[in-house]
Each structure stands twice: as C-alpha cells, then as structure tokens.
Amino acid sequence: MAKYTGPACRQCRREGVKMFLKGERCFSDKCPITRRGTVPGQHGAARARMMKNYGLQLREKQKTRRYYGILETQFRNYYEKADAQEGMSGVNLLIMIERRFDNVVYRMGLAESRRDARQLVRHGHFTVNGKNANIPSMLLKVGDEIAIKDSKKDRPKIKTVIEKCEGKIIPKWLEVDKENGKGKIIAMPQREDIDFEIDEQLIVELYSK
C-alpha cells in the first residue's frame, strides 16, 4: 500500500498551518512551524506570495488530504463518489473522509495522531462489530462498534496513548468508553463537527475544472 514516508512537519510548513500530524510534538516548542513558519525550500517565502486562484484551490486540496493522511488518487476517488451523491459535493467529501476507520480511531482519542491511528489499525489492534479489521480506509457507518482487542489492551503503547489523550474532546457523533477501550458511531458526522479550517468549495472548484 502506497503511503507518504517523508517528514510530517514539512507538510505543515508547506501548507502554512498546523495540521497536528505528530500528536504531542505539535503542542511543544519543538514544532517546526512555530520555529520556522516559512514554506520549505530556498525560495519558500516567494512561492507563498505568488499564489493566485488556481494556487489557492490546489493548496486547499493539498492541505485537506494531508490533514487526513490521504494520497492523491484515493482523495480524487472520494471526491468522485461524493460528487455523485445528493447534496453539496464538498460537504459530502468531508463527511465521507471523517468516517474512515483511522480517523474514527483518532477522533475517539485512542491515538495521538491519524498517522499513529493508521499504524495501530494496520497492526490489528482493533475490531469492528466484534470482527478483526485492519484496513484504515474502511468507511464506517452509524451503529458500528469499534474496540481495542482484549489481547492488546495491556500493551504499554495503548495505555500511554489513552493517558495522553485523556482530555481530548470527543465529537458528538461518537460515543466512547475509554475505560474499556471501545466506542460506537451514534450519528453521521456533520460539517460543523469538523474543527479544522477547510474551505471545501475551493476543492470543488479545483476538481470541476
């Protein structure tokens, strides 16, 4: 499976905004975007000033897919499916991505970042509706129950993550029992539940060209 293997913090610098891709590090003084807020590269500052309409659309798309940790082909496929649904394509797209297995695990506070959530899912730490599940891109639906496997609950990494994410705000479309390491999707996510600044209309304009 293809994946981005470069520095996560470089992506934040390129988009000019904190996307919290490294969990706890993003809240510390070590965060590169705090120390070096310019776009990577020798001519980074100039590149940031040169953006026009297409550039704004492209950057919004890149920012969104990097925030969720999705590669280009898969992101376009999500858009095409969202565009075929009733309603607003941009909102459909974001709601669809929010339902990804790795994102749900992150939103439940069972991982420090989406990257960590993706790794935990791939390594088979969770079940969905009592069955083994290890596909991060799987789209979950209302009623699905996600749980840490009993055999994994006592692992130091899982315990550490849960402790670090103890105060994390859980979206209203999720019901979480952290003590027992499980949760349930009780409603479809809504546009207002996404707390990261995204202008989905720019993405729609880009793909509509």
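The structure presented is a predicted model; accordingly, all values stated were derived computationally and were not measured. (Residues numbered from 1 in each chain as written. Predicted model: local features only at pLDDT ≥ 70, side-chain atom pairs only at ≥ 80, totals over all residues. Heavy atoms only, no water.)

Chemist: Mind showing me how you'd approach the overall build of the protein here?
Modeler: Check the secondary structure of the protein and you find 10 helices and five strands. Restricting to contacts in the protein with at least 6 residues of sequence separation, those with at least 24 account for 57%. Roughly 11,600 Å² of accessible area belongs to the protein as shown, and the carbon and sulfur atoms make up 49% of that amount. (Helix = DSSP H or I, 4+ residues; strand = E, 2+ residues; numbered from the N terminus. Contact = heavy atoms within 4.5 Å. Areas by Shrake-Rupley, 256 points an atom, 1.4 Å probe, with all protein chains shown as cover.)

Chemist: What's the story with the packing of aromatic side chains in this structure? I'm lost.
Modeler: By convention here, two paired aromatic rings are described through the distance between centres and the angle between planes. What the rule picks out here adds up to five aromatic pairs. An angle of 75° between the planes, with centres 5.0 Å apart, marks the rings of Tyr67 and Tyr68 as edge-to-face. Taken together, the aromatic side chains of Tyr67, Tyr68 and Phe196 make up a single cluster linked through ring pairs. It is Arg114 that lies over the ring of Tyr67; its NZ or CZ is 4.2 Å from the centre. Over the ring of Tyr106 we find Lys168; its NZ or CZ atom is 3.1 Å from the centre of that ring. (Phe/Tyr/Trp six-rings, centres within 6.5 Å; stacked < 30°, edge-to-face > 60°. Lys NZ or Arg CZ within 6 Å of the ring centre and 35° of its normal.)

Chemist: Even after reading the chapter, I still don't get the pairing of strand E4 (residues 174-177), so can you show me in this structure?
Modeler: In regular strands, side chains alternate between the two faces of the sheet. Of the pairings in the sheet, the one linking E4 to strand E5 (residues 182-185) comprises four bridges and is antiparallel in character. Within E5, the position partnered with Asp177 by the bridge is Lys182. Counting the residues that bridge the hairpin from E4 to E5 gives four residues, and of these Gly181 lies at a positive phi of roughly 65°. (Pairing = 2+ DSSP bridges.)

Chemist: What exactly am I supposed to notice about unusual backbone geometry here?
Modeler: Most peptide bonds take the trans configuration, and most residues that are not glycine carry a negative phi. Of note in this structure, Asn129 is not a glycine but carries a positive phi near 55°. Locating Asn129 in the fold gives a position in the loop between strand E1 (126-128) and strand E2 (131-132). Judged by its relative accessible area of 40%, Asn129 is partly exposed. (Buried < 20%, exposed > 50% of the residue type's maximum accessible area, 1.4 Å probe, protein only.)

Chemist: How do you make sense of the pattern of salt bridges when you look at a structure like this?
Modeler: Pairing is possible between side chains of opposite charge, provided their charged atoms come close. Summed over the entire model, instances satisfying the criterion amount to 10 salt bridges. With a closest N to O distance of 2.8 Å, Arg107 and Glu98 form a salt bridge. For the pair Arg107 and Glu98, one class covers both residues: buried. Across the pair Arg107 and Asp195 runs a salt bridge whose closest N-O atoms are separated by 3.6 Å. Here Asp195 lies in the loop between E5 and helix H10 (200-207) and Arg107 lies in helix H7 (residues 101-107), a separation of 88 residues in the sequence. If you follow the salt bridges from partner to partner, you end up with Lys61, Arg65 and Glu72 in one network. (Salt bridge = Lys/Arg side-chain N within 4 Å of Asp/Glu carboxyl O.)

Chemist: In this structure, what is going on with the sheet that holds E4? I would like to understand it.
Modeler: Sheets are built from strands that pair by backbone hydrogen bonding, the pairs being arranged parallel or antiparallel. Reading across the sheet, the five strands line up as E2-E1-E3-E5-E4 and stay open at both edges, with antiparallel pairing between neighbours. Across the chains shown, the open sheet's two edge strands, defined by having one partner strand only, are E2 and E4. Pairing between E1 and E2: two bridges, direction antiparallel. For Val128, the partnering residue across the bridge sits in E2 and is Lys131.

Chemist: For this particular structure, what's the right way to read the environment of Ile70?
Modeler: Topologically, Ile70 is positioned in the loop between helix H4 (53-68) and helix H5 (72-84). Once residues within four sequence positions are removed from consideration, Ile70 is found in contact with Arg65, Phe75, Tyr78, Ile97 and Arg100.

Chemist: Would you mind going over helix H6 (residues 89-98) with me for this structure?
Modeler: In an α-helix there are 3.6 residues to a turn, and that puts residues three or four apart on one side. Burial analysis of H6 places 10 of its 10 residues in the buried class, the great majority of the element. Within the sequence span of H6, burial applies to Ser89, Gly90, Val91, Asn92, Leu93, Leu94, Ile95, Met96, Ile97 and Glu98. Those residues of H6 that are buried lie in contact with H4, H5, H7, helix H8 (114-122) and H10.

Chemist: Is there a simple way to explain H5 in this structure?
Modeler: In a regular helix each residue adds 1.5 Å, so 13 residues correspond to 18 Å; H5 covers 19 Å between its end C-alpha atoms and thus fits that length. Along H5, the positions that sit buried rather than exposed are Phe75, Tyr78, Tyr79 and Ala82. One side of H5 carries all its buried residues, which in axial view fall inside an arc of 100°. In this structure, H5 carries Thr73, Lys81 and Ala84 as exposed residues pointing more than 90 degrees from its buried face. Lining the buried residues of H5 we find H4, H6 and H10. (Expected span 1.5 Å × (residues − 1). Arc of directions from axis to C-beta.)

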